[in-house]
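Coordinate inspection notes
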Amino acid sequence: MREDHEAPRTAETAPARQVPASIIAIDGPVASGKTAVGLKLARQLGYRLVDTGMIYRAITWLALDRGLDIEDEAAVTSLAESDRIALGSLGEGDRTTVSADGRDISDELRSPAVDRSVSYVSRMAGVRRATVELQRAFAREGRIIMLGRDIGSVVLPDAPVKIYLDATPAERARRRYLELSAAGVERPLAEIMSELAQRDEMDRQRHVSPLKPAADAIILDTDGLSLEEVVARVGEIIGIQP
Ligand code: DC
């Protein structure tokens, strides 16, 4: 493990692997490209993809649906501890799907209402306790790419490959803007930027499992790189032969 005084590892200084790692942790802030990169790599490798943000989003969605006060920690935690939420079948290279009370709610989890409230839910210690074991159980089966904020630092500290994708707030807001426009949702860039800054702040400042690279993560700054370029660099780190 890296000593604190050593420089962080970057994609350029990371040692090359000969065989693809079986468990790959990818962390990073909002709109850093984790999902797009993870999906492409999972398909390339035939690995399963678990986007852990979907778990926090599903709990948020359920809490809003039940009319709970989103800051009521006891009520939201007991929802998280119930067995109402299940991750869908995780096929090779598929998106992570989630169902609540048996109904697939995946398409509802990226709504503005969930976006606005999810940081309140994901900072609750009880909620994180309830979800971390679920995440580890998936990882034990191997051949998996897991996306989140604390996968390398807390959920899977022994993962053989940990990548932290980063980009400036302006670049991430631009990507989110383009993604929304492509989906037919027009929202002012300034509004997206301020929401993103607010969510970043909450993710970084929370007491439990704050967003930060694991000490032994490889940090990849993706500003100025296309999706294909990021996938290629991460692929090299993981051990995919070109
Ligand atoms: O990646 P995302 O935007 O779907 O994440 C939704 C929220 O969940 C966001 O506030 C960060 C939080 N999250 C987390 O705290 N830990 C994770 N492993 C994944 C997501």
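Nothing here was measured: the structure is a model prediction, and the numbers come from that model.

Comments concerning the site of the ligand
Near the ligand you find 16 residues, and of these Arg57, Arg128, Arg149, Arg199 and Arg206 are the closest. Within the side chain of Thr52, an N or O atom sits 2.9 Å from a nitrogen atom of the ligand. Contributions of two or more residues to the shell around the ligand are made by helix 2 (53–65), helix 4 (112–122) and helix 8 (189–205). The residue makeup of the shell around the ligand, split by class, is three nonpolar, five polar and eight charged.

Details of unusual backbone geometry
Located in the positive-phi region is Asp101, a residue other than glycine, with phi close to 50°. If you trace the backbone, Asp101 turns up in the loop between strand 5 (98–100) and strand 6 (103–104). Phi angles above zero are rare outside glycine, and Ser209 is one such case at about 45°. Looking at where Ser209 falls in the secondary structure, it is placed in the loop between helix 8 and strand 9 (218–221).

Examining the environment of Leu156
Inspection of the secondary structure puts Leu156 in the loop between helix 6 (151–155) and strand 8 (161–166). C-alpha of Leu156 to C-alpha of Gly224: the two residues are 68 residues apart in sequence and 30 Å apart in space. Setting aside residues no more than four positions away along its own chain, Leu156 makes contact with Ile23, Arg136, Ala139, Met146, Ile151 and Lys162.

Re the nonpolar core
It is characteristic of soluble globular proteins that their nonpolar side chains tend to be buried jointly. Counting residues in each nonpolar core, the largest one holds 35 residues, and the members touching the most others are Val127, Met146 and Leu156. Counting residues per element, the ones that place at least two in this core are strand 2 (23–27), helix 2, helix 3 (73–81), strand 5, helix 4, helix 5 (125–140), strand 7 (144–148) and helix 6. Core analysis: the second largest hydrophobic core is formed by 24 residues, Leu39, Ile163, Leu165 and Ile238 among them.

What about the pattern of salt bridges?
Tallied over the entire structure, the rule returns 23 salt bridges. The shortest N-O distance in the salt bridge between Glu133 and Arg136 comes to 3.4 Å. Residue Glu133 and its partner Arg136 are located together in helix 5, separated by three residues, close to a single helical turn. Given the relative accessible area of 41%, Glu133 is considered partly exposed. We classify Arg136 as partly exposed; its relative accessible area is 25%. Salt bridges here are not isolated pairs; linked through shared partners, they connect Asp65, Arg66, Arg84 and Asp101.

Some remarks on the sheet that holds strand 2
Ordered in space as 1-9-8-2-7-3, the six strands form an open sheet in which the pairing is parallel. Of all the strands in the sheet, the pair left with one neighbour each is strand 1 (9–10) and strand 3 (48–51). In this structure, strand 2 lies alongside strand 7, joined through five bridges in parallel fashion. Note on strand 7: the bridge partner recorded for Ala25 is Met146. The sheet contacts of helix 5 involve strand 2, strand 3 and strand 7, and relative to strand 7 the element is tilted by about 155°.

Quick word on the packing of helix 2 against helix 4
Helix-helix packing: each pair is described by the crossing angle between the helix axes and the interaxial distance. Contact geometry of helix 2 with helix 4 gives a least axis separation of 9 Å together with a crossing angle of 105°. When the interaxial angle is binned, helix 2 and helix 4 end up roughly perpendicular. Contact with helix 2, carried on its side by Tyr56, Arg57, Ile59, Thr60, Trp61 and Leu64, involves Ala113, Val114, Asp115, Ser117, Val118, Val121 and Ser122 of helix 4 and no other residues of that element. When its residues are assigned to classes, the contact of helix 2 with helix 4 shows eight nonpolar, three polar and two charged.

As for the confidence of the model for the protein chain
Across the protein chain, the average pLDDT comes to 90, with 94% of residues at or above 70. Low confidence marks residues 1–5, where pLDDT is under 50. Its contacts with residues over four positions away, or in another chain, come to four contacts.

Comments concerning the sheet that holds strand 4 (residues 85–87)
Strand order in this open sheet of three strands is 4-5-6, and the pairing throughout is antiparallel. Either end of the sheet is taken by a strand with one partner, and the two such strands are strand 4 and strand 6. For strand 5 and strand 6, the ladder comprises two bridges, and the chain directions are antiparallel. For Ser99, the partnering residue across the bridge sits in strand 6 and is Asp104.

The rules behind the values
- Residues numbered from 1 in each chain as written.
- Predicted model: local features only at pLDDT ≥ 70, side-chain atom pairs only at ≥ 80, totals over all residues.
- Heavy atoms only, no water.
- Near = heavy atom within 4 Å.
- Polar contact = N/O pair within 3.5 Å; in protein donor to acceptor, adjacent residues only side chain to side chain.
- Helix = DSSP H or I, 4+ residues; strand = E, 2+ residues; numbered from the N terminus.
- Nonpolar A, V, L, I, M, F, W, Y, C, P; charged D, E, K, R; others polar.
- Contact = heavy atoms within 4.5 Å.
- Core = buried A, V, L, I, M, F, W, Y, C linked by side-chain atoms within 4.5 Å.
- Buried < 20%, exposed > 50% of the residue type's maximum accessible area, 1.4 Å probe, protein only.
- Salt bridge = Lys/Arg side-chain N within 4 Å of Asp/Glu carboxyl O.
- Pairing = 2+ DSSP bridges.
- Axes fitted to C-alpha atoms, helices over the stretch in contact; angles between N-to-C directions.
- Parallel < 35°, antiparallel > 145°, perpendicular 65-115°, else oblique.
- pLDDT = per-residue confidence, 0-100.

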